[in-house]
Structures are given as C-alpha cells and as structure tokens.
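# Summary of structural features
For reference, the chains in residue letters:
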Amino acid sequence: MIVLDKRPQPSRLWSYAAPVLAVVLTMLVGGVLFAALGKNPVEVIRTIFLDPLFSEFAWFYRPQLLIKGAPLVLIAVGLSFGFRAGIWNIGAEGQYIIGALCGAAVGLALYPAETRWIFPLMIVAGAFGGWIWAMIPGVLKVKFGTNEILVSLMLVYVAESLLAAMALGPLKNPEGMGFPGSRNLAQYPSAANLELIAGTGLHWGVVAALIAVIFAYVVLARHIFGFQVRLAGQAPRAARFAGVNPARMILICMGLSGALAGMAGLFEVAGPAGQVTIDFNVGYGFTAIIVAFLGRLHPVGILLAGGLMALTYIGGGIAQSNLGLPAAAISLLQGMLLFFLLAVDVLTHYRVRFAARQVA
Amino acid sequence: MDLSAINPILLLASLMVAATPILLAAIGELVVERAGVLNLGVEGMMITGAVCGFIVATATGSPWLGFLGAALGGALLSLLFGVLTQFLLSNQVATGLALTLFGLGLSALMGQSYLGIRAPAFPDIHVPLLGDIPVIGPIVFQHDPMVYVGLGIVAGVWWFLNRTRAGLVLRAVGENHDAAHALGYHVRRTRMLAIMFGGACAGLGGAYLSLVRVPQWTEGMTAGAGWIALAIVVFASWKPGRLVLGAYLFGGVTVLQLNLQAAGVAVPVEYLSMSPYLATIAVLVIMSAGRAPGSLGRIFHAAR
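In this text the structure is predicted, and so the values were computed from the model without any measurement.

This next bit is on the confidence of the model for chain A. For chain A, per-residue confidence averages 86 on the pLDDT scale, and 98% of positions sit at 70 or higher. No element of chain A has a lower mean pLDDT than strand S1 (residues 2-6) of chain A, which averages 79, and none a higher one than helix H6 (residues 118-144) of chain A, which averages 93.

Here it is, written out as structure tokens:
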C-alpha cells in the first residue's frame, strides 16, 4: 500500500522538477490522445513544441511567441500575488476586457488628435479599467464577506456582454459601414501599440511584462509586502499577529492583478488585435491561471511558463492548419498540463513510501 | 415595446424549465460541499455532461439514455478531481479550475462533429387531473420529466442528509474530517462517493441544456451556469430546501430577461443578458451569512 508522509519542508528538487515532469506527462498522454484522433503523435508533438522555434518558418513564428506570451505573463504575474496570499481572482478575463474597453475608449475619444500623450494615457486608462473591475469582488469580499471566486467569475460574463454592447454601440466605428467593431487603433499612430523593432514582435506589452516580472521578483524577495503576501498564504493566523491587515491585503492583491490584466487588454486592443470587436477576448485571462501555477507562482517561473504556453498556442495553430488538429485539442492539452502539475506536486510536499497494509 | 405580450402563466411555466439545469448541478455540489469538498469544476462537468448526453441521445435516439450517459460522463470526470484532491492531496480550488478548463476543451473536442444537429425530442408529460387545473396546471404540471426528476433528487438529498445514518456520516466528515476519521468513518471513501454524485448531477444539468432547453450542441453552451450553481449553494446556506428557492429565483431572472428581450424593451439585448449574472452577484452579497461546513476546502491527510 502506498503511504504519503508529509515532508517537514517542501522539496526544493521536486518543486523544480514537477513542472518539467508535468510537461513530459502531458506530451505522453497528449500523444495517446492525438493517436486516438488518427494523427501521428510524434509529428503532432513536434509541430506544437518544436516547429515554432526550429522549423524553416521559425522566423515567422518566433515574434508571435512574444506577442502571445506577453499578455499571459503580465496577467499571471498579477494573479500570482493573490494566489500566494490565498486570494482567488479568477476573473482576469473580465478585467482584461474592461481594461481594453477603457483604454480603447480614451484613444477613440481623442481621435484624430496627434500627440504623444495619447498612448500613455490609454495605458493608464486600461490599468484603471482592470483595477476598478477587480475592485468589485475585492470590496464586496472585504465589506460583505462575499466569495471573490464566484463574483470575479460572474463579472467575466458581464464584461463579455458589455464588450458586445460597446462593439455594437458607443465604440462602433462611425465609418465602419454598419459593421460591429471599433476603428482600428493600429492605424492611428498616436494610439497604436506597434512593434518597437520591426520583425521581432516586441511591443510595449512585452516591455511591460518584463518590467512586471522584475518588479514582482524584487517585491517578493526583498520587500516587506512580499513577505506579508507569503505569510498570509502560508499562515493566515500568524500573519494577523504580524500586523498584516487582511482587508488591505485583499484590496492590494486584487487591485494589482486587475490593473495588470487591464493593461494586458489595452496592449492587445491597441496592437495585435487593433480594434474592439465582439469576440476580442480569446481566453488569455483563463490561460494565465495555468501559467501562474505552472510557473510555481514565481516571477521567473511565470516568464518561462508564459513562453511555453505561447508555444502551445502557436504550435497548436500550426498543427491546426497543417495537420488538421482540432482547435479544442490545444485547450484540452493546456487543461491537462495543469492537471498533471497539480498531480505530481504531491511529490513536492509529501514523501511517497510503500508500506505493508496495516490492520486497523 | 409591448409588455402585454408577456404571458405571466407562460413566464412562470418556463421559469421551472430555466431553473432545472442550475438546480440539478447545484444539488450535486451541495452534497459535495456538505462532505467538506469544494469542487469548482461544476462548469466543466456540466459541459462534459452536455456533450456526453447529446452524443448518447443522438446515437440511441433516446433522451433517457442520453441523460444516463451524461450522468456517467460527469461522474467519470469528477473522478479525476476526486483522485487528485483525495489521494494526491492537491489544492481543491486549483484542481476545480483545472477541471473546468479541461472539461471545456474535452467537450469541444468530443462535440465537434455534432454541431448543428437537433437532439431527439423529449415530450412534455401532461400530469393527469393536476395538469388540467387552470393556471397552476400549465405552470407546475405540464413539463418534461426531468423537471420532476430534479425536484425528486432535491427531496431525496434532503431526506438522505437529514434522515439517514449515511447522511449523518457525510455531514460529520464535512464538519470535522479529523474527528470523523478518529471515529472510524472512511473520510476518503465518503468524499469520493459525494464527488461522483456531484459529477453525475452536474452532468444531468448539462444534458438538460443540450437535450431539452436548447436542444442543440454548441461549444461553451453552459455559459457560466455551473458557476451560478456554485453561487446558489452559498445562497442556500448548504440547505436543499432553500436551493430550490435560489434556483427558481435565478430561473425567474433569466426568463424575465428573455421575455423582455422578446418584447423589444428599449434596453439593448447585451445589457439584458447581463442580468442573471448581476442577480447572482446581488444574491451572493445579500446571502453571505450562512455557515459553511467546517472542513470545506481543507485537505485531509490522516496523520499517523
């Protein structure tokens, strides 16, 4: 019979090895799944994980890696603060949408003015939009003890409806011949989030993501707030005695993740997406949850995990067009990855021992 | 706008139909949470149930077999959650989220060749005598059988939790798993069974959407119904009777909103369709006074 003994301290080795093992297991089980779909598993796995980096068209795909990875990393860094402290903001998707709407609204309101202040103003508006949307579950939790998981999630559906309303109403392009969707911000130089170095995929969102990673690393490793976040997650009672104010902690963590998600939305709507459309959001807010866990809630880990997840998006796209792999198979693969990570994490916290069955 | 086009009898009648998927999913989750487990994967189990039910029903032509398949599909998926949280001791919040993400992908993959097909019809039953009562008859006694099955399950759960020994054990496990373990009850076994019951109920709820309510398969068709079910469990303070009230309240908002859309109210459709979610939030704010089971969401690891 298998017995689990709690380790006095989480294993350092396994906390690094678990994500790797999870990826390997996902590839194996994913391979079986692809074989069941009638595809050559080796070819599919190679297409998803290696072709974007090393194939002859990799020059085309590599910039995509930054474009897809930046929003994931930006959102996941914010989420990781809350997750560490035991505050579950699951509604990043909604905060992303509202951030994009607020930021785009500012840009569209100032059209066609040309000053260099428009884009920074949009970033602020985007962050503010995400922040305010995250404050709703935050304040409700602090004031009424409402469950933040459920409220932040409900607000995703509200945000999706609001997005549709905006794309069809106030933000609709007046010169768009009646089609839903806003003006294309990418064609409005003062408001556009363009590539900084042509052909690299590097835009302001990537820069922001890197700054966020460094900022989070410094705060978590060096600042008292980072210590309080860790304490609140590991020992809530001890944290109270150490002077951590739970209400303040909730508001800061929710606000931080909301603001970052909102910024991610703005960078997306002003750059790669270009315009506010009914289906502007593509689930980055939810995938970022996987990225945060896969990166062990650690900024550097999140950076790596964001890269890996971007890889599955791009590789998945290639596999979809070249091998006819269904789009859903990729989201299944991503969900599976999180499953395996959570499963193998038992090795980090427990020692597995084989023991003879005891007579109770 | 013509509000007189809204027929109150039809409105109340469709309320019961709108509430049923949420009611089914919520009653399953209620049992899971009373056993001390927080499974946030309801949405994933519902959508998997929706696609499983649809596939089985179209393959066999029998909605009843479809519902059976949906319950099995939901239970099987919940088994994954159970193994991870009960045997591999993973975090329940994160695992539940993983289950939802996984379920959404899995269902989309399974259902891709079933898009645009209609489900076999599930005729309404007309309860003899009772169905002929004016006003009340059409509202309460002229629905498809699953509406009554759902209410039956709620009644059964109430009886099980409050009137049986096994129900007492389940509640003990949920209130204090260490004490229950010390008394010799099987914490893990109880919880695994509860989790599978929850999965089966969520599957039924999903299949109700794809077989009766819509009756079609579309990706992501649960659209947050699983999360609303979770909210309704909180609203009900973990009590089956109040669960019915919560689900019907939600069903009422949904149906009213749809009727207002049809009546052409001056408010754009997008704003009206937000209302069920906003109502859920409002309900959560008002009803956060209930006491959750003591061991809810905590990992059980028998210290030796």
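Next comes the rest of the description.
To continue, consider the interface of chain B and chain A. In many reports, interface size means the accessible area that the parts give up when they come together. Taken together, the contacts link 43 residues of chain B with 45 residues of chain A. Between chain B and chain A, the buried area comes to about 3700 Å², and carbon and sulfur atoms account for 81% of it. Joining chain B to chain A, the criterion identifies 0 salt bridges. The interface formed by chain B and chain A contains 3 residue pairs in polar contact (both at pLDDT 80 or more). Ranked by residue count, the leading element in the side of chain B that touches chain A is helix H4 (residues 92-111) of chain B, at 12 residues. Residues belonging to the side of chain B that touches chain A are distributed by class as follows: 30 nonpolar, 10 polar and 3 charged.

Time to look at empty space enclosed by the protein. One simple way to see leftover space: roll a probe sized like a water molecule over the atoms. Residues and elements named next belong to chain A. Within the structure shown, the criterion is met by 3 cavities of 30 Å³ or more. Space inside the largest cavity adds up to approximately 50 Å³. Forming the boundary of the largest cavity are Val-23, Thr-26, Phe-49, Thr-312, Leu-333, Gln-334 and Leu-337. Where the lining of the largest cavity is concerned, the elements lending two or more residues are helix H1 (12-36) and helix H14 (327-344).

This part is about the packing of aromatic side chains. Tallying each qualifying case throughout the model produces 14 aromatic pairs over all chains. Their ring planes at 75 degrees and their centres at 5.3 Å tell us that Phe-60 of chain A and Tyr-61 of chain A sit as a pair that is edge-to-face. A residue is classified by how much of its surface remains accessible, and Phe-60 of chain A, at 46% relative accessible area, is partly exposed. Among the aromatic residues, those joined into a cluster by ring pairs are Tyr-96, Phe-280, Tyr-284 and Tyr-313 of chain A. Its guanidinium or amino end placed over the ring of Tyr-313 of chain A, Lys-68 of chain A lies 5.7 Å from that ring's centre, counting from NZ or CZ. The ring of Phe-235 of chain B is capped by Arg-242 of chain B, whose NZ or CZ atom sits 5.9 Å from the centre of that ring.

Residues and elements named next belong to chain B. A positive phi angle, close to 50 degrees, is found at Ser-237, a residue other than glycine. Checked against the element boundaries, Ser-237 lands in the loop between helix H10 (225-235) and helix H11 (240-263). In this structure Ser-237 comes out as buried when scored by relative accessible area, which is 10%. A positive phi is found at Trp-238, a non-glycine position, where the angle reads about 65 degrees. Positionally, Trp-238 belongs in the loop between H10 and H11.

One can find Glu-270 of chain B in helix H12 (residues 269-272). Among buried charged residues, Glu-270 of chain B stands out as having no salt bridge; its nearest opposite-charge side chain is Lys-172 of chain A, 10 Å away.

For helix H7 (residues 148-168) of chain A, built from 21 residues, the straight-helix expectation of 30 Å at 1.5 Å per residue is met to within 8% by its first-to-last C-alpha distance of 30 Å. Among the 21 residues in H7 of chain A, 19 count as buried, and that is most of the element.

Thresholds applied
Residues numbered from 1 in each chain as written. Chains lettered and ligands numbered in written order. Predicted model: local features only at pLDDT ≥ 70, side-chain atom pairs only at ≥ 80, totals over all residues. Heavy atoms only, no water. pLDDT = per-residue confidence, 0-100. Helix = DSSP H or I, 4+ residues; strand = E, 2+ residues; numbered from the N terminus. Contact = heavy atoms within 4.5 Å. Buried area = accessible area lost by both parts, 1.4 Å probe. Salt bridge = Lys/Arg side-chain N within 4 Å of Asp/Glu carboxyl O. Polar contact = N/O pair within 3.5 Å; in protein donor to acceptor, adjacent residues only side chain to side chain. Nonpolar A, V, L, I, M, F, W, Y, C, P; charged D, E, K, R; others polar. 1 Å grid on protein atoms, 1.4 Å probe; cavity = no way out; pocket = protein on both sides within 12 Å on 5 of 7 lines; lining within 4 Å. Points joined across faces, edges and corners; volume = space filled by probe spheres on them. Phe/Tyr/Trp six-rings, centres within 6.5 Å; stacked < 30°, edge-to-face > 60°. Buried < 20%, exposed > 50% of the residue type's maximum accessible area, 1.4 Å probe, protein only. Lys NZ or Arg CZ within 6 Å of the ring centre and 35° of its normal. Lys, Arg positive; Asp, Glu negative; His and termini not counted. Expected span 1.5 Å × (residues − 1).

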